[in-house]
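Chain by chain, the residues:
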Amino acid sequence: SEKYFDVLGMKIPVFVAPNPKLLSDVISNFQTRAEDVFVVTYPKSGTIWMQETIWQIYNNGENTSKNIFERVPFLEFSTSPILGEFADIAKVPSPRLMKSHLSYSIIPKGSSDGAKCKYIYIARNPKDVAVSYFHFTVSLASFGNGYNGPWEIFPMLYCISLTVGWNKWNDHVLGWWKHKDDPNVLFLKYEDLKKDLPSQVRLTANFLNKPLSEDIINRITEQCSFNGMTKDLSRYMVHVNESQTSILRKGVVGDWKNSFTPELNERFEKEVLSKIEGTRLEFDFEL
Ligand code: PPS
């Protein structure tokens, strides 16, 4: 029931990119700037969390009630009328902080001789991603853009076939993992953010050349914890047509155990996790 357009080889939900040709032109002609920062993930891997974190890093720990999509716009949403006037990323003054779910191969990179912008990639264990993605897309179904099938087949859809937005989890994560040592890429994991947020905030701030005092790191850690962010959920609502849904749900590691049957788990291990074996990319599935 979910509807997609193909944009440069990626499946993107119609409500995100109602005009695929326009989005494809925006991506292909995107002029990167040296100060640009992209938070990139496969969906449901901690994007909003890092959007809020880098915004606070750039704003010395300020906490605001302004919607996150106004502060850190979503590249793929930029041709959608839903976002109205703040959609034109080309007009955003530097430093531009942006969110994207694009694969490494098509994310804007600018000319090879130009100064390089920065990418913060977050990967999350794919079992929890499947559960989070399922709940989110089911919540979209009520207004005609989501998934209304059963849970049992969803994990396989998003890992094996090309029937969910932003294609397959494996291809996405492994495409970025190959660039984890590039000087302008910081590859982080959701589970590490959960384990030790202050050190990940410090690492991110240093990567962005914005070293912060311990006081500000502590403030950001508190404000960007799940409890801190859920104090004002209106900042993280996604608006689709007349409806809205929240991106913050449970915010834990290991929720997959409440939904994966032993059979599904076995199949998932065999068909999905075997594909990352030998790449040295590893995940915590519980903390
Ligand atoms: S989206 O729609 O793709 O941009 O979603 P994304 O932001 O990538 O992922 C949503 C999941 O991240 C969880 N989240 C957090 N977890 C812990 N701490 C904080 N501060 C936090 N903020 C967001 C959010 O709850 C979604 O995961 P689930 O498992 O569904 O709760």
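Our structure's up above, just so we're on the same page.
Residues numbered from 1 in each chain as written. Predicted model: local features only at pLDDT ≥ 70, side-chain atom pairs only at ≥ 80, totals over all residues. Heavy atoms only, no water.

S.K.: Can you explain the pairing of strand S5 (residues 118–123)? Please cite residues and give values.
M.R.: Burial analysis of S5 places 6 of its 6 residues in the buried class, which makes it a mostly covered element. Residues Lys118, Ile120 and Ile122 line one face of S5 and the alternating positions Tyr119, Tyr121 and Ala123 line the opposite face, and both faces are buried. Two elements, strand S3 (residues 37–41) and S5, share 5 bridges in a ladder whose sense is parallel. Bridge assignment links Val39 to a residue of S5, and that residue is Ile120. Strand direction decides the pairing type here: S5 and strand S6 (residues 185–189), joined by 5 bridges, are parallel. (Buried < 20%, exposed > 50% of the residue type's maximum accessible area, 1.4 Å probe, protein only. Helix = DSSP H or I, 4+ residues; strand = E, 2+ residues; numbered from the N terminus. Pairing = 2+ DSSP bridges.)

S.K.: I'd love a proper account of the pairing of strand S2 (residues 10–13), names of residues and values included.
M.R.: Where strand S1 (residues 4–7) lies against S2, 4 bridges are found, and the strand directions are antiparallel. Residue Val7 lies in a different strand from S2, and its bridge partner there is Met10.

S.K.: Lay out helix H6 (residues 169–177) in plain terms, naming residues and giving numbers.
M.R.: With respect to burial, H6 is a largely interior element, 8 of its 9 residues being buried. Of the residues making up H6, those classed as buried are Trp169, Asn170, His172, Val173, Leu174, Gly175, Trp176 and Trp177.

S.K.: I'd like a description of the site of the ligand, backed by residues and values.
M.R.: What surrounds the ligand is a group of 21 residues, the closest being Thr47, Ser132, Tyr190, Lys250 and Gly251. Between the ligand and Gly46, the relevant distance is 3.0 Å, taken from an oxygen atom to a main-chain nitrogen or oxygen of the residue. One of the side-chain nitrogen or oxygen atoms of Trp49 is found 3.3 Å away from a nitrogen atom of the ligand. Its free accessible area being 640 Å², the ligand has 98% of it covered by the protein chains. Listed by contribution, the elements that provide at least two residues to the shell around the ligand are helix H2 (47–58) and helix H10 (226–230). (Near = heavy atom within 4 Å. Polar contact = N/O pair within 3.5 Å; in protein donor to acceptor, adjacent residues only side chain to side chain. Areas by Shrake-Rupley, 256 points an atom, 1.4 Å probe, with all protein chains shown as cover.)

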